[in-house]
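# Coordinate analysis (summary)
Here's the letter readout for the chains.
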Amino acid sequence: PKSVTIPSPIMYHNLISEVHCEDFVNTTQLSELDLNSNRITKLDGCVFENLNDLKVLDLSHNKLFTVGETFRSGLQKLEFLDLSKKILSIVKKGQFQGLHSLKSLNVLSGQIWRVREMAFWGLENLESLILSLPLYYETSFSELQNLENLTISFKVLSSFRSPHPNRYKDFFYLSSLKRFTVICESDHTSFPLDVPSEMFQAMKHLEDFTAVNIYISAPHVDTFQFNPQIKHLTIKNTDLSDLDPELFPIPNLQVLDLSNSNLKSLDFLMQANLSFLPALTYLDLDNNPFTCDCTNASFIECVKSNKQTQVVNAHQYTCSFPVTEQGNMLLDFDIHACWMDTIFLFFISSMCVVLLTLLTSFIYHFLRWQLVYAFQLLQAFIYDSMKRKRGAPHHYDAFISYNVRDEDWVYREILPVLEGEQGWRLCLHHRDFQPGKPIIENITDAIYSSRKTICVISGSYLQSEWCSREIQMASFRLFDEKDVLILLFPEKIPARQLSPYYRMRKLVKKRTYLSWPQAGQHPGVFWQNVRRALETRNENPELLRGPAGC
């Protein structure tokens, strides 16, 4: 018989139930053969052995339980094989080992309950594989080094077996994979099928990932850290209510499908910031139970204003929560009230910052010394309480508080008499202050280590900041001890000059003071009064009183 060339015979939907070896003897140059949607139940091993030029073979939608030895040899040029939608139940080891040129294989069948190890051995040129797998499978993908498109459909059969513990290890070899789709056709709420992030490490060139009814919770934030080339991402028919915005950014992502994923709030998209998804042009969030409140206000505003990203059927999204909004359209929710609340909070926050800044400036410029003084008084109080509690003795009879400009008068008049003649032990700045110690601590120690404090009041003293602090701290002891402060005036100070110094005026009015100019020609009386003031524990009514008007 003479050989006949038939490029593509029409043999589908012909109710063919059997195919024999002699049926294709005279069609050796056939390049495409479509036998889909027939009733073929078995294939003999020799049925296609003469089709040496065949490149496309479609056997889908038949009733094949097994393909036997049909593809273990021959069909050296076959590039496309479709065995989907049939009753194929088992895929054996080396079942397709003769198809060295095969680029696309479809073995999608809801009846497959077992896939043997090395079932795809010999398919080193395979680029696309569509496959049904039971949860427990033995196959290895390690030989599919050129695979670019992989679709796996899982089904939980009635004879349930737990998945193999290393079921994801085989995917680590798929370094050329660009499109990965994984689907579960059954309810698996009682068993997690989450795709671990480690599985994606080898898929450096992955551009499209689809997971349908796989995750039982949101993917880990590090899931796609090794896949910067992803352009299409679909995760649906799952629960993404706990989706972390840190799953993004994915800089090259163009299509994002999170439909039917139990998303109530889209705040994660706003937190992720769409600017981190600069290439995003298509967003599908259909069939999610949205909450119509201010948590979705930013998303609603973005949908209305964003011209780059198309949110599919956004005008049809309805509200599921709260009850008062059920059935209303998401985009019809009035977000202006949310902005008013936000603006009001921003206004209040800004006002608080402004007022705090003004208050801080005011305190710094006008009240800082009062605060310093209050702090010093507190320190003095604590210091004094501790000393009295310990019962510590006084080291000095008197601390001399004076301005450096009056130092000559102190050395010429006070020291020779009080230390030299009367034998008092005095504390002086230059002589008794501890080097390296903070000045304020030295002053505090000097005041509380002395029985009395002698303040040498002059015009220079009144204008001195440190002298003012000394007398302030010394006067604090008056709350507990009534005779610890002695005021000496080496020069005459008119009442009008004391007027600006309210604290000093108050002390002069209430305390005994000694005036050197009033001593005149009787300095002995002056120093005797000082001696009596250092000795006594009560004010001496015979000492000179303050000038009129003070």
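Counting from 1, residues in each chain are numbered in the order their sequence is written. For this predicted model, a pLDDT threshold of at least 70 governs which residues receive local features, and a threshold of 80 or more governs which side-chain atom pairs are given and counted, while totals over whole chains, interfaces and linings are taken from all residues. Values reported for side chains reflect all heavy atoms of the structure, with hydrogen atoms and water molecules removed beforehand.

For this analysis, a ring pair means two rings from Phe, Tyr or Trp (six-membered ring only for Trp) whose centres lie within 6.5 Å, classed as stacked if their planes differ by under 30 degrees, edge-to-face if by over 60, and tilted for the remaining angles. One pass over the structure, following the stated rule, counts 18 aromatic pairs. Ring geometry for F200 versus F209: centroids 5.0 Å apart, planes at 90°, classification edge-to-face. F209 matches F200 in its accessibility class, with the two residues each being buried. Between the aromatic rings of F200 and F224, the centroid separation amounts to 5.5 Å while the plane-to-plane angle is 65°, which identifies the pairing as edge-to-face. With F200 in the loop between strand 9 (179–184) and strand 10 (208–212) and F224 in the loop between strand 10 and strand 11 (232–236), the pair connects residues that are 24 residues apart, well separated along the chain. Note on exposure labels: buried denotes an accessible area under 20% of the residue type's maximum, exposed denotes more than 50%, and partly exposed covers the range between, all computed with a 1.4 Å probe on protein chains only. Look at F200 and you get buried, because its relative accessible area is 0%. Site record: aromatic cluster; members linked through ring pairs are F24, F48, F71, F96, F120 and F141. Strands here mean DSSP runs of E at least two residues long; helices mean DSSP runs of H or I at least four residues long; both are numbered from the N terminus.

Here we take up the side chain of D208. Checked against the element boundaries, D208 lands in strand 10. Taking relative accessible area as the criterion, D208 reaches 9% and is therefore assigned buried. Between two residues, a contact is recorded if the distance between any of their heavy atoms is within 4.5 Å. If near-sequence neighbours (up to four positions away) are discounted, D208 is found in contact with K178, R179, F180 and H232.

A word on the state of the cysteines. Disulfides are defined as pairs of cysteine sulfur atoms found within 2.5 Å of each other. Under the criterion given, the structure shown has two disulfides. Each disulfide pairs two cysteine sulfurs, and for C21 the partner residue is C46, the sulfurs being separated by 1.4 Å. Linking C21 and C46, the disulfide has an S-S dihedral of approximately 60° and is accordingly described as right-handed. Of the two residues, C21 sits in the segment before strand 1 (32–34) while C46 sits in the loop between strand 1 and strand 2 (56–58), which places them 25 residues apart along the sequence. Classification of C46 as partly exposed rests on a relative accessible area of 24%. Each sulfur in the disulfide pair C292 and C319 lies 1.7 Å from the other.

Next up on the list: unusual backbone geometry. Cis geometry is adopted by the peptide bond preceding P322, which originates at F321 and carries an omega value of -10°. Following the sequence through the fold, P322 ends up in the loop between strand 16 (319–321) and helix 3 (336–390). Even without being glycine, H61 reaches a positive phi, approximately 60°. Relative to the helices and strands, H61 resides in the loop between strand 2 and strand 3 (80–82). On the accessibility criterion, H61 (43% relative accessible area) is partly exposed. We note that N237 has phi near 55°; this positive angle belongs to a residue other than glycine. On the secondary structure map, N237 appears in the loop between strand 11 and strand 12 (255–257). Among the residues examined, N237 registers a relative accessible area of 33% and is labelled partly exposed.

On to the pairing of strand 5 (residues 104–107), then. When a strand is regular, its side chains alternate between the sheet's two faces. Neither face of strand 5 is exposed, since S104 and N106 on one face and L105 and V107 on the opposite face are all buried. With four bridges connecting them, strand 5 and strand 7 (residues 128–134) associate as parallel partners. Looking at the pairing, S104 lines up with S128 of strand 7. The pairing criterion is simple: DSSP has to find at least two bridges between the two strands.

Bringing the UniProt feature "transmembrane region" (unreviewed entry) in the chain into the picture now. UniProt positions are given in the numbering used here, feature names are shortened, and annotations may be inferred rather than shown by experiment. Taking the numbering used here, the UniProt-annotated feature "transmembrane region" (unreviewed entry) corresponds to residues 343–367. A distance of 34 Å separates the end C-alpha atoms of residues 343–367, which is 100% helix and 0% strand.

In this section: the sheet that holds strand 2. The strand order across the open sheet built from 12 strands is 1-2-3-5-7-8-9-10-11-12-13-15, with neighbouring strands paired in parallel fashion. Of all strands in the sheet, those bounded by a partner on one side alone are strand 1 and strand 15 (310–311).

Moving on to the sheet that holds strand 19 (residues 450–456). Taken together, five strands build an open sheet; the order of strands is 18-17-19-20-21 and the sheet is parallel. The sheet terminates laterally at strand 18 (426–427) and strand 21 (513–515), the two strands that pair on one side only. Sheet topology places strand 19 next to strand 20 (residues 485–489); four bridges connect them, and they run parallel. Looking at strand 20, one finds that I454 is bridged to I486. A fitted line through C-alpha atoms serves as each axis, taken over the contacting stretch for helices, and the angle formed by two N-to-C directions is quoted from 0 to 180°. Strands strand 17 (396–401), strand 18 and strand 19 of the sheet are contacted by helix 6 (residues 439–448), whose axis makes an angle of about 115° with strand 19.

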